Amino acid sequence: MDLPGWSEILFTIGLTVAIAFPLGFYLARVWKGESTWLDPVLRPVEGVLYKAFGVEREKSQNWFAYTISMLAFSIASFVVLYLILRFQDLLPLNPQGFKGLTPDLSFNTAISFVTNTNWQSYTPEQTVSTFSQMAGLTSHNFLSAAAGIAMAAAVARAFAANRGEGLGNFWVDLTRISLYVLLPVAIVVALVFVALGEPQTLSASAAAVGLEGGKQTIALYPTASQEAIKQFGTNGGGIFNANSAHPFENPNAITNLIEIVLMNTLSLACVVAFGRLVVARKEARALLVTMVILVTAGAAAIYWTETQPAPAMHAVHASTAVNMEGKEVRFGAPSTAVWAATTTGASDGGVNGMHDSFMPLGGAVTMFLIQLGEILPGGVGSGLYGMVVMALIAVFVAGLMVGRTPEYLGKKIEAREVKFAMLAVLILPLSILGFAAVAAVLPVALKSLANSGPHGLSEILYAYSSATGNNGSAFAGLSANTPFWNSTLGIAMLLGRFAYVVPVLAMAGSIAAKPKLEPSTGTLPTHGPLFISLLIGVILIMGGLQFFPAQALGPIVEHFQVLAAVAGH
Amino acid sequence: MTDATVHLGVKRRSAVSSTTLSSSVMARAIRDSFVKLDPRKLARNPVILTTEVIAVLATASTVNAFVTGASPWWALQIAVWLWFTVLFANFAESIAEGRGKAAADALRAQRVDVQAKLIIDPERGTIIPTPAYKLTAGSIVLVEAGDMVPSDGDIIEGVASVNEAAITGESAPVIRESGGDRSAVTGGTTVVSDWIKVRITAEPGNTFLDRMIAMVEGAERRKTPNELALTVLLAGLTLIFLIAVGTLLGLGQYSGVKLDPLVLGALFICLIPTTIGGLLSAIGIAGMDRLLKVNVLATSGRAVEAAGDVDTLLLDKTGTITYGNRMATEVVAAPGVPQERAMMAAVMASLADETAEGRSILELAREKFGLTAELPAKFTSIPFSATTRVSGLDTDVGQWRKGAVEAIYRLVGLNPSEVPAEVHATVDRIARSGGTPLACAQDGVLVAVIHLKDVVKPGVKERFADLRRMGMRTVMITGDNPITAATIASEAGVDDFLAEATPEDKLRLIREEQQKGRLVAMCGDGSNDAPALAQADVGVAMQTGTQAAREAGNMVDLDSDPTKVLEIVEVGKQMLITRGALTTFSIANDVAKYFAIIPAIFVVSLPALGALNIMRLGNPHSAILSAVIFNALIIIALVPLALRGVKYRAIGASKLLQRNLLIYGLGGVIAPFIGIKIVDLIVTAVGLA
């Protein structure tokens, strides 16, 4: 650990936050349907789209209609994507001549991209055609992200409403967020990436001759365009198996910085926009600060563990250098630490290092950041509503201690809201621990593990955490492309997205219908350091209580075993 | 009477300390703790019901150990302590209910079978003796001196003095008469003199006394909205921990850890929020009980809870903010008249005046000038009449008059134009300041102007400042004109006022406040207050008020003291704080329990995890047993706090939260580390495990 390393971590996170504010102001205008400077170009397009699909722009939907629209859209997306992947051999733009994906892999991949997870059980450059990549996967990088942000907008409107009903119009939100936010940024960033050396081509591969004279076929894709939205929409699904550790996806330090900033800034911007829409800027800032503190702490923890020399190596005086296994030498430990913390905190899932190769506690931190519910700052949109749920729980438990029934942002929190919040929160341990406990005893599942012992358990835990948290990163070491893993991880992704968000939207409906109360001096203040500490405490204790026993059997025991083994020498 | 009745009965002196529990209440609570083991009774408390289920399984496991010949000693201890956990939770609830039950028994003893004098033919006044329990709403009864009022009703004819000690504990009789705001009588009270005809308003079994019994007994206790929400949260946490612990079966098997189901059960019980789960209903009952101790009867826990949330408090000026009687505050001499003489004239004019206003003039003279006077042997008192608007005293040595300024002018033959400018200025000043000017004449000459004023009760301003710090706005309601109202309002330090208020105005004000998202409390007694009492979120009716008002409000103040609202709000807040504090404490406790149990259950198979045993507990068995014992004992340890309630301090929400988070949040994390360690030291020293 050194000053440049810390500076790099702080600079990266600081830059992310700095960009999030103007982006959030802009996003709020898009949510509200106000004019933006892109109107001259995009208004007509928007109008044509509404006309074509029969969307009544002014019609606000109640929570149920909004949810149904979102579910209908997701189901339709899933079916189309499934068919594209399953039958890509019959479709155009398949220069590599790949076969269609197996049913279980198509199922898993289609869910993965519709839920903004981008878990990849396969090696993309050996499996997916250019058409599947562009029309199937990349398009859902936009749409699943837009859907997430749309739901965040709906939750924001619920808090802004006073005895209201409408949460906005899902179709309008989906359209406006894609058109005004995701597309323009993705286009600009893609061009920047091209300029910085990422390939953008439809040709399948380049032939090259290596130094030893061996012929190589180097896979190519329209990489830059995918890379931009992969990060900006917290998707994380790489074109190449090595993801952002691959030199085409992440050629240099500048692209590395841009990619880190990009994968957090929109999630944070959602929080800023939330503050604007609800007219609760200070309260939104408290949520944002909470996210930033926790993700920075995560990055610091990983930086610390990953700059320790491996104890075993240290003990035999083999090496006193940092543990570089699994890290891209171009970026080094600090870049890897900040990337690992932000990609797991942000539900992105793109990686520039292999978490499987981290020290046990470093791996534990990445896993824990996901298990906290992908709220630091979480996926685009989903991070915001996840954080709002945590804030509700924090306010409910501790808020009573000021002698009033709890309220958050002027809305009373009563049995109905608590019920839905708990239903949502329950999904995480149910899916993560439930599936992990089953997989841990099934021989068919264990066959896929590269490691036995605690590290193998960590691989299992990480996989279901990643899927349920809609993160999509892999701990590696797990060959997940089997019917068992594809189907269970697929279900975990479904639960993590929809079983979580449907109660949240129902809660939003109930919140919207409530009167908006005026704060008084007796109201629990939900901004400021005290509330931030409370929120951090609740997040850590809730997360810790759920996952401590499981983590104890995985990375924690591995850590102590490593120490004990060294001591025994 | 048992001492519990004393709580209910006697005004103010009622609060026999909550910690002195008679042995009979204690014995009943212990018995009830076992009765409540019935799972049907526990169904409303999911956390404790879950604990009972695990206790049953632990018992089965112990029996199994006996049968198979394995050592049952440790399993037996776990099972016993799990049962204690359930019993302690039941005991907390029983002890809270206990005092109410004792009070209810005393009330029931008072409800003797009364023969009512039912009037079946109002024209002829035919009377048939009928048992009280057969009276239905609408029947008319005659109640004469010495009779007990058979049921609740309104007086339709007559006036009588009534002893209401059975309800209020106040033994001085009160006057009840037909018409107006003092027409309600309550079943169980006794007519001391005269007679009244009463139209019964309550159906049998639903009289005020019946409801009072039901309330103090807790029979009608329903979960309040916040309790319901908290129960949902606790049930959710229970499910989460069921998942976290249940999945250890699979994860443990993978890791080669052999897990005893009994150990998992113990871990599960330690993690679920048994502390708050066990104390939740006790907190609610104790809150009602605290209200009862200040002689306020709430018809639902919901109202008590709402009291903690009140944003706006509507207070009637008269009786709450001011004494209700105008009082003399200065005597201004007319030009050319010495101050001493003017004062003396005012005193003489008031000597025979028995009204509060008259008394206040004498009081002022004594306090400010040391003047006193005795009535001479021979005098004629001139009483106030609405036509002359003047009162006074005639003696051998002179005549004194005081009264409305215009009336005195007329009396002394002054044209308004002839009135000295100084007198005019004084009268104007008094009127503008919201006071009432009186003129005083001696022997047909104007000598003084008396300033009568509505005097704000001492300490009221400070109380309103407290309320403001609690986050509450106070609005004064008065029939006065806006000028008078504004003066009093600024003197009393209320935030706002409503002058010349009609009942419709009150109702509209409440609706407006509620529309803005505020919760409103008000107190009232008149029939015309009924709609406003019903509309308010917390409506406190005065026991002396009308039947309509008492029906409309959701609380009745047996002392009929409108300032009681402040205490009600505090009790509401205290109840919510206690709930929040114990919930936070309960959840924070889990951190330490993990560090006790997790290493204990894994260390045999995975010795490396011994590093997590940061408390250095004796051995795996003692660690688990200690956590279970601590988990049970903490419930009993916190019963006094649950009953007493966490103190509310009007220091602003932020400071209050900070304070309570430190005590119950941080304290909740640290305390069990110490507690479990101590228990473990004892357990290992005694050789229990």
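Residues numbered from 1 in each chain as written. Chains lettered and ligands numbered in written order. Predicted model: local features only at pLDDT ≥ 70, side-chain atom pairs only at ≥ 80, totals over all residues. Heavy atoms only, no water.

## Side note on the overall build of chain A
Right, so step 1: The helix and strand inventory of chain A stands at 18 helices and four strands.
Right, so step 2: The C-alpha radius of gyration of chain A comes to 23 Å, within 12% of the 25 Å expected for a compact globule of 569 residues.
Right, so step 3: Dimensions along the principal axes, computed over C-alpha positions, put chain A at roughly 70 × 60 × 45 Å.
Right, so step 4: Looking at the 569 residues of chain A, the share that counts as buried comes to 63%.
Right, so step 5: Pairs at least 24 apart in sequence give 78% of the contacts found in chain A among residues at least 6 apart. (Helix = DSSP H or I, 4+ residues; strand = E, 2+ residues; numbered from the N terminus. Rg over C-alpha atoms; globule rule 2.2 N^0.38 Å. Buried < 20%, exposed > 50% of the residue type's maximum accessible area, 1.4 Å probe, protein only. Contact = heavy atoms within 4.5 Å.)

## As for the overall build of chain B
Right, so step 1: From N to C terminus, chain B includes 25 helices and 20 strands.
Right, so step 2: At 34 Å, chain B has a C-alpha radius of gyration far larger than the 26 Å of a compact globule built from 689 residues.
Right, so step 3: Looking at the 689 residues of chain B, the share that counts as buried comes to 56%.
Right, so step 4: Expressed as a percentage of contacts within chain B between residues at least 6 apart in sequence, the contacts between residues at least 24 apart total 69%.
Right, so step 5: Summed over all atoms, the accessible surface of chain B reaches about 27,400 Å², with 59% contributed by carbon and sulfur.
Right, so step 6: Chain B carries 65 positive and 69 negative side-chain charges, and their two centres are separated by 7 Å. (Areas by Shrake-Rupley, 256 points an atom, 1.4 Å probe, with all protein chains shown as cover. Lys, Arg positive; Asp, Glu negative; His and termini not counted. Charge placed at Lys NZ, Arg CZ, Asp CG, Glu CD.)

## Some remarks on the sheet that holds strand 8 (residues 296-298) of chain B
Residues and elements named next belong to chain B.
Right, so step 1: If you walk across this open sheet you meet the seven strands as 8-20-19-18-9-16-17, and the pairing is mixed. The open sheet terminates on both sides in strands that have one partner only, identified here as strand 8 and strand 17 (496-498). Geometrically, the sheet is characterised by an average inter-axis angle of 20° between neighbouring strands, direction not taken into account.
Right, so step 2: Summarising the sheet, strand 9 (residues 312-316) and strand 16 (residues 473-477) pair through five bridges and their orientation is parallel. Bridge pairing links Leu313 to Thr474 in strand 16.
Right, so step 3: Lying on the sheet, helix 20 (residues 503-515) is in contact with strand 9, strand 16, strand 17 and strand 18 (520-524); it crosses strand 18 at an angle near 160°. (Pairing = 2+ DSSP bridges. Axes fitted to C-alpha atoms, helices over the stretch in contact; angles between N-to-C directions.)

## Considerations on the nonpolar core
Right, so step 1: With 313 residues, the main nonpolar core has A:Trp31, A:Trp485 and B:Met555 as its most contacted residues.
Right, so step 2: Examining the composition of this core, we find that 20 residues originate from one element, helix 23 (residues 564-602) of chain B, more than from any other.
Right, so step 3: Not counting residues within four places of it along the chain, the set of residues in contact with B:Met555 comprises B:Leu291, B:Val296, B:Leu297, B:Ala298, B:Ala303, B:Val304, B:Ala307, B:Val538, B:Gly539, B:Val540, B:Ala541 and B:Ile568.
Right, so step 4: Listed in part, the 41 residues of the second largest apolar core include B:Val347, B:Ile408, B:Leu446 and B:Ala448. (Core = buried A, V, L, I, M, F, W, Y, C linked by side-chain atoms within 4.5 Å.)

## Describing unusual backbone geometry
Right, so step 1: With an omega of -5°, the peptide bond running from A:Leu376 to A:Pro377 counts as cis.
Right, so step 2: Turning to its location among the elements, A:Pro377 is positioned in the loop between helix 12 (360-371) and helix 13 (382-399).
Right, so step 3: The phi dihedral of A:Thr234 is positive, around 45°, even though this residue is not glycine.
Right, so step 4: Position of A:Thr234 relative to the elements: it lies in the loop between helix 7 (223-232) and helix 8 (253-278).
Right, so step 5: Under the relative-accessibility criterion, A:Thr234 is labelled buried at 0%.
Right, so step 6: One non-glycine residue, B:Asn295, lies in the positive phi region at around 65°.

## Here we look at the environment of B:Leu519
All names here are of chain B.
Right, so step 1: Its location among the elements puts Leu519 in the loop between helix 20 and strand 18.
Right, so step 2: A relative accessible area of 17% places Leu519 in the buried class.
Right, so step 3: A sequence separation of 19 residues divides Leu519 from Val538, and the C-alpha atoms of the two residues are 8.1 Å apart.
Right, so step 4: Residues within four places of Leu519 in sequence aside, it is in contact with Ala306, Asp309, Val310, Asp311, Thr312 and Asp537.

## Regarding the packing of aromatic side chains
Two measures describe an aromatic ring pair: the distance that separates the ring centres and the angle between the ring planes.
Residues and elements named next belong to chain A.
Right, so step 1: Throughout the structure, instances matching the rule amount to 24 aromatic pairs over all chains.
Right, so step 2: Considering the side-chain rings of Trp63 and Phe64, the 5.6 Å spacing of their centres and the 85° angle between planes classify their relative orientation as edge-to-face.
Right, so step 3: Its relative accessible area of 48% is what places Phe64 among the partly exposed residues.
Right, so step 4: Taking the centre distance of 5.3 Å and the plane angle of 25° together, the rings of Tyr464 and Trp485 count as stacked. Here the residue Tyr464 occupies a position in helix 16 (residues 453-468), and Trp485 occupies one in helix 17 (residues 483-512), the gap between them amounting to 21 residues. The burial state of Tyr464 is the same as that of Trp485; both residues are buried.
Right, so step 5: Through a chain of ring-to-ring contacts, the aromatic side chains of Tyr66, Phe73, Phe170 and Trp171 assemble into a single cluster. (Phe/Tyr/Trp six-rings, centres within 6.5 Å; stacked < 30°, edge-to-face > 60°.)

## As for the interface of chain A and chain B
Right, so step 1: Contact with chain A, which involves 61 residues of that partner, is made by 66 residues of chain B.
Right, so step 2: In total, about 5,100 Å² of surface goes out of reach between chain A and chain B, with carbon and sulfur atoms giving 76% of it.
Right, so step 3: Here chain A is connected to chain B by three salt bridges.
Right, so step 4: At the surface where chain A touches chain B, the tally comes to ten residue pairs in polar contact (both at pLDDT 80 or more).
Right, so step 5: Counting only elements with at least two residues in the side of chain A that touches chain B, the list comes to helix 13, helix 14 (415-439), helix 16 and helix 18 (528-568) of chain A.
Right, so step 6: The element contributing the most residues to the side of chain A that touches chain B is helix 18 of chain A, with 16 residues.
Right, so step 7: Of the residues belonging to the side of chain A that touches chain B, the class tally is 40 nonpolar, 14 polar and seven charged. (Buried area = accessible area lost by both parts, 1.4 Å probe. Salt bridge = Lys/Arg side-chain N within 4 Å of Asp/Glu carboxyl O. Polar contact = N/O pair within 3.5 Å; in protein donor to acceptor, adjacent residues only side chain to side chain. Nonpolar A, V, L, I, M, F, W, Y, C, P; charged D, E, K, R; others polar.)

## Considerations on the environment of A:Ile260
Residue and element names in this part refer to chain A.
Right, so step 1: Topologically, Ile260 is positioned in helix 8.
Right, so step 2: What makes Ile260 buried here is its relative accessible area of 3%.
Right, so step 3: Ile260 sits 131 residues away from Ser129 along the chain, and the two C-alpha atoms are 27 Å apart.
Right, so step 4: Ignoring any residue separated from it by four or fewer positions in sequence, one finds Ile260 in contact with Thr12, Ser335, Val338, Trp339 and Thr342.

## Notes on the pattern of salt bridges
Two side chains carrying opposite charge are able to pair once their charged atoms lie near each other.
Right, so step 1: Taken as a whole and judged by the stated rule, the model has 38 salt bridges over all chains.
Right, so step 2: One salt bridge in this structure joins A:Arg404 and B:Asp311, with 2.9 Å as the shortest N-O distance. Note that A:Arg404 is positioned in the loop between helix 13 and strand 3 (407-408) and B:Asp311 in the loop between helix 12 (301-309) and strand 9, a pairing that runs across two chains. Side by side, A:Arg404 and B:Asp311 carry an identical accessibility label, which is buried.

## Considering the side chain of A:Thr307
Residue and element names in this part refer to chain A.
Right, so step 1: Residue position: Thr307 is located in the loop between helix 9 (281-306) and helix 10 (311-315).
Right, so step 2: Classification of Thr307 as buried rests on a relative accessible area of 13%.
Right, so step 3: Among the polar contacts made by the side chain of Thr307, one reaches the main-chain carbonyl oxygen of Tyr303 at a distance of 2.5 Å.
Right, so step 4: Residues within four places of Thr307 in sequence aside, it is in contact with Met1, Val322 and Ala333.

## Remarks on the pairing of strand 14 (residues 436-442) of chain B
Consecutive residues of a regular strand have side chains that alternate between opposite faces of the sheet.
Residue and element names in this part refer to chain B.
Right, so step 1: Buried residues dominate strand 14, accounting for six of its seven residues.
Right, so step 2: Across five bridges, the pairing between strand 13 (residues 399-404) and strand 14 is antiparallel. Pairing of Lys402 across the sheet is with Cys440, part of strand 14.
Right, so step 3: Across seven bridges, strand 14 lies against strand 15 (residues 445-456) in antiparallel orientation. Paired with Ala441 across the bridge in strand 15 is Leu446.
Right, so step 4: Hairpin connection, strand 14 to strand 15: the antiparallel pair is bridged by two residues, and Asp443 has positive phi, about 50°.

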